[in-house]
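# Coordinates in review
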Amino acid sequence: MLICAWPAWAAHQASSLGVVPNAFALAQAQAASSERVIEGKVVRVSDGDTITVLDRENNQHKIRFQGIDAPESKQAYGQAAKENLSRMIFGKEVKVVWSKMDKYGRVVGKILLDGRDINIEQIKAGYAWHYKSYAREQPPEDRLSYAAAEQEARAGKRGLWQDPDPTPPGEFRVEAKSERWGEAPPEGTIIGNKNNKNYHRPDCPGYKSMAESSRVFFKSVEEAEAAGFKRAGNCPTQVSTRKPAPTESSAQPAASSASAGTPRAVAAPASSSTSAQAATATQEATAGQIIGNKNSKIYHRPDCPGYKSVSEKNQARFGSVGEAEAAGYRAAKNCPAPKQ
């Protein structure tokens, strides 16, 4: 059977006629229709996985390499990664195949030089990791070949793999962010963002990511909300510790209810919101677990800055530091020394 491309207009026509195209062919067509191409000259190499391309209409495009993560410029091997990339493509005409932009407005794509995949070349040379956190965005064949290229570079001790224990860029970024954040405020402090009027509790993912100039401190959630701040969207719902105010009926002495012959109220079944609160409480109760990163073999205690930065699929959980270390994991470099 011949499978051909099924452009969007053809799919629409077939749908109107009651014809259902082959599912695989339609999926392929949808992927192809979202794929775009930029062709131009590499006019800047920012680091080991970011370049600027000048197209034929003199428009500049900042490109982030898809599927790889190179060391940061201030990180070990960061400059070597940048120099290796510059040798390959600076000043040359390249083709960028892409389908998305990241939150910084950069095009995320595969860079081709005369048909040669430059992204994987950085991995092969030992100057980039396969970016497994975003592997799902890659075509299956790239996902497999990039992972294999990293294993080969590791085995050959090429580039950054000369270091037996290189720090992944993601961990370096977390450490750098923690250092920029400076000294932590008193425990339990609520941090508000002056710009968007959101507040973060210490258990919120964005607690330490706010620019210093934007921070405003509160002693409690109530104080923050009284000042017009609202809970950040990535903060889990907080379980209330307040006791409900007594109702008129509950305020009456039990004896009077009994003497009146009034039947006692039966508790209503827990609502879905109550169930959600209970689930949150259960999660908080297990928050003391040690979280390991399966890729880097590094573990984080709850007091480590990177505790909530490990993606769920890469997590390995342990009941104690001893258990994590027995499994071959080591403490993240940005973890403070454990209190004696």
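Residues numbered from 1 in each chain as written. Predicted model: local features only at pLDDT ≥ 70, side-chain atom pairs only at ≥ 80, totals over all residues. Heavy atoms only, no water.

### Thoughts on the side chain of His130
One can find His130 in strand β8 (residues 129-130). Its relative accessible area of 5% is what places His130 among the buried residues. Reaching out from His130, the side chain makes a polar contact with the side chain of Gln138 at a distance of 2.8 Å. Residues contacting His130, with those up to four places away along its chain left out, are Gly67, Ile123, Ala135, Gln138, Arg143, Tyr146, Ala147 and Glu150. (Helix = DSSP H or I, 4+ residues; strand = E, 2+ residues; numbered from the N terminus. Buried < 20%, exposed > 50% of the residue type's maximum accessible area, 1.4 Å probe, protein only. Polar contact = N/O pair within 3.5 Å; in protein donor to acceptor, adjacent residues only side chain to side chain. Contact = heavy atoms within 4.5 Å.)

### Comments concerning the sheet that holds strand β13 (residues 290-293)
Strand pairs in the sheet, formed through backbone hydrogen bonds, run parallel or antiparallel to each other. Strand order in the open sheet made by the four strands is β15-β13-β14-β16, with mixed pairing throughout. Edge positions in the sheet fall to β15 (315-318) and β16 (330-331), since each of these pairs with one other strand and no more. Taken together, the four bridges between β13 and β15 define a ladder with antiparallel strand orientation. When the sheet's bridge partners are listed, Ile291 is paired in β15 with Arg317. (Pairing = 2+ DSSP bridges.)

### Details of the nonpolar core
One finds Ile51, Ile89 and Val96 to be the most contacted residues of the largest nonpolar core, which totals 26 residues. Listed by contribution, the elements that provide at least two residues to this core are β1 (36-47), β2 (50-55), β3 (60-65), α3 (78-89), β5 (93-101), β6 (107-113), α4 (118-124) and α5 (140-156). Of the residues forming this core, the biggest block, four residues, is contributed by α3. Residues contacting Ile89, with those up to four places away along its chain left out, are Val42, Ile51, Phe65, Val94, Leu113 and Ile118. (Core = buried A, V, L, I, M, F, W, Y, C linked by side-chain atoms within 4.5 Å.)

### Re the pattern of salt bridges
Summed over all chains, the structure comprises 15 salt bridges. Here Glu72 ties to Arg173 by a salt bridge, and the two come within 2.5 Å at their closest N and O atoms. With Glu72 in the loop between β4 (68-69) and α3 and Arg173 in helix α6 (residues 169-181), this pair connects stretches of sequence that are 101 residues apart. Close ionic contact of Lys132 with Glu150 constitutes a salt bridge, the shortest N to O distance being 3.2 Å. In this pair, Lys132 is assigned in the loop between β8 and α5 and Glu150 in helix α5, connecting sequence segments 18 residues apart. The partly exposed category is assigned to Lys132, whose relative accessible area is 27%. Each of Asp49, Arg64, Asp69, Glu72 and Arg173 takes part in salt bridges that share partners, so that together they form one network. (Salt bridge = Lys/Arg side-chain N within 4 Å of Asp/Glu carboxyl O.)

### Considerations on the packing of aromatic side chains
If you walk through the whole model with that rule in mind, you get four aromatic pairs. Aromatic pair Trp129 and Trp161: ring centres 5.4 Å apart, planes at 65°, arrangement edge-to-face. Here Trp161 lies in the loop between α5 and α6 and Trp129 lies in strand β8, a separation of 32 residues in the sequence. There is no split in this pair, since Trp129 and Trp161 are both buried. The interplanar angle of 65° and the centroid separation of 5.0 Å between the aromatic rings of Phe218 and Phe229 together place this pair among those described as edge-to-face. In this pair, Phe218 is assigned in strand β11 (residues 215-218) and Phe229 in the loop between α7 (221-226) and β12 (230-231), connecting sequence segments 11 residues apart. (Phe/Tyr/Trp six-rings, centres within 6.5 Å; stacked < 30°, edge-to-face > 60°.)

### Looking at the state of the cysteines
Inspection of every chain in the model, using the stated rule, returns one disulfide. Between Cys204 and Cys235 runs a disulfide, and the two sulfur atoms are separated by 1.8 Å. Measuring handedness by torsion sign, the sulfur bridge of Cys204 and Cys235 sits at about 115° and is right-handed. Of this pair, Cys204 sits in the loop between β10 (198-200) and β11 while Cys235 sits in the loop between β12 and α8 (248-251), and the two are 31 residues apart along the sequence. We note that Cys204, like Cys235, is buried. (Disulfide = S-S within 2.5 Å.)

Everything listed is a geometric property; what it means functionally is a separate question.
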